[in-house]
Amino acid sequence: MASSLSYVEFVMEQMSGAGTITCRRMFGEYGLYCDGKYFACVCGGRLLVKITPAGEALLPECPKGIPYEGGGEMLLPDVEDRETLTELVRATCAALPEKKTRRKPAKKE
């Protein structure tokens, strides 16, 4: 079941205190970015957040799920708890590596 854009927008609003939250359509579902850094996805009507030591320390009892067949395990936080969700996004994004900049290949002469 594909996720609805209205649900994605609700999730984005719930975590908006963490930074600039944007989404991108990916494989019929949505990838979520905070200040340009990919940290979560919405698949099958569920929010799944990348697992980091900081995120697990914040929510040690948080259930986990797999976004799609062959995907890795991710956290399934409560989207109704705006304050905790915002803290989770901040902690997760701080623990993730910075986005790599792509270099343009040198022109051949």
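Coordinates for the structure precede this section.
Keep in mind it's a predicted model, so treat the numbers as computed, not measured. (Residues numbered from 1 in each chain as written. Predicted model: local features only at pLDDT ≥ 70, side-chain atom pairs only at ≥ 80, totals over all residues. Heavy atoms only, no water.)

1. Digging into the nonpolar core
Turning to step 1, where the next piece is worked out: Met-15, Leu-32, Phe-39, Leu-47 and Val-89 are the most contacted members of the largest nonpolar core, which totals 22 residues.
Turning to step 2, where the next piece is worked out: Among the secondary structure elements, those contributing two or more residues to this core are helix 1 (5-14), strand 2 (29-34), strand 3 (37-43), strand 4 (46-49) and helix 3 (82-95).
Turning to step 3, where the next piece is worked out: Take this core: its biggest share by element is four residues, from helix 3.
Turning to step 4, where the next piece is worked out: Among all residues touching Leu-47, those that are not within four sequence positions of it are Tyr-7, Val-11, Met-15, Leu-32, Ala-40, Cys-41, Val-42, Leu-75, Leu-76, Pro-77, Val-79 and Leu-85. (Core = buried A, V, L, I, M, F, W, Y, C linked by side-chain atoms within 4.5 Å. Buried < 20%, exposed > 50% of the residue type's maximum accessible area, 1.4 Å probe, protein only. Helix = DSSP H or I, 4+ residues; strand = E, 2+ residues; numbered from the N terminus. Contact = heavy atoms within 4.5 Å.)

2. A look at the environment of Val-42
Turning to step 1, where the next piece is worked out: As for its placement among the helices and strands, Val-42 is situated in strand 3.
Turning to step 2, where the next piece is worked out: Along the chain, Val-42 and Thr-52 lie 10 residues apart, while their C-alpha atoms are 18 Å from each other.
Turning to step 3, where the next piece is worked out: Residues in contact with Val-42, not counting those within four places in the same chain, are Ser-3, Tyr-7, Val-8, Glu-29, Tyr-30, Leu-32 and Leu-47.

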